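# Understanding the architecture of this molecule
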Amino acid sequence: MMKCFARLTAGESREKRVFIAALIVGAAMLFCDVATKLYFTRTLLPGERITVIPGWFDLTLVGNTGAAWSILAGHGYLLLGIGILVAVAICYFFRALTEECPERYFAMFLILSGIIGNSIDRLWRGAVIDFLSFHYFDSYYYPVFNVADIAICCGVGIYLISGFCRKAPREK
């Protein structure tokens, strides 16, 4: 197995480098999320649409008071509480969740960056700002989303792929 995918040992210098690299990636995603939301809230009016790829992709400013697909719309404080609980749980169980797998460090920090980005919106604006709209001409529209949603989905995807591809760690 390639060294970059070899399991880490707690406290070793390689683990610290992976931790810092994953932290930087998570911070960069959080910065991109906050920066794009600030940009589009200043550039677009709510509901305004700018076509980027005709029939496929638009920029559309939307405020979502719910979670994905507007689930629990109007229950922002409940969703904020859930986000905080999940973030605290990730931090508390970080070592157990990563199981010494370097890619899982990146997964956890991506998920955390997405949770923090959307939580900032819930606190600051009362709704999560979404602006990426993919669709198939006018017949099918995928729910509008943002960079934080991308970070969460990528983090969960990395974690799931890692779980399917890795053997269980040996008992110590």
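Residues numbered from 1 in each chain as written. Predicted model: local features only at pLDDT ≥ 70, side-chain atom pairs only at ≥ 80, totals over all residues. Heavy atoms only, no water.

## Quick word on the pairing of strand 1 (residues 49-53)
Test applied: For two strands to be treated as a pair, DSSP must find no fewer than two bridges joining them. A helix here means a DSSP run of H or I that spans at least four residues, while a strand means a run of E at least two residues long, and both kinds are numbered starting from the N terminus.
When strand 1 meets strand 2 (residues 57-64), the two strands line up antiparallel, connected through four bridges. Bridge pairing in strand 2 links T51 to D58.

## Some points on the packing of aromatic side chains
Test applied: The pairing test for Phe, Tyr and Trp rings, Trp by its six-membered ring, is centres within 6.5 Å, and the orientation test on the planes gives stacked under 30 degrees, edge-to-face over 60, and tilted for anything in between. Should the NZ of a Lys or the CZ of an Arg lie within 6 Å of a ring centre and within 35 degrees of the ring normal, that charge is described as sitting over the ring.
Counted under the stated rule, the structure contains 13 aromatic pairs. Arranged with centres 5.0 Å apart and planes meeting at 80°, the rings of Y39 and F40 form a pair that is edge-to-face. Ring-pair connections join several aromatic residues into one group, and the members of that group are F19, F94, Y105 and F109. The ring of Y159 carries the charged tip of R104 above its face, separated from the ring centre by 5.3 Å. Over the ring of W124 we find R125, and its NZ or CZ is 4.5 Å from the ring centre.

## Describing the pattern of salt bridges
Under the convention used in this document: In what follows, salt bridge is the name for a side-chain nitrogen of Lys or Arg lying within 4 Å of a carboxyl oxygen of Asp or Glu. Remark: exposure states derive from per-residue accessible area (1.4 Å probe, protein chains only) relative to the maximum for the residue type, with buried under 20%, exposed over 50%, and partly exposed in between.
If you walk through the whole model with that rule in mind, you get seven salt bridges. A salt bridge links E103 to R166, with the nearest nitrogen and oxygen atoms 2.6 Å apart. In this pair, E103 is assigned in helix 4 (residues 102-124) and R166 in the segment after helix 5 (147-165), connecting sequence segments 63 residues apart. With respect to burial, E103 and R166 carry one shared label: buried. When salt bridges with common partners are traced through the structure, they connect D33, K37, D121 and R125 into a single cluster.

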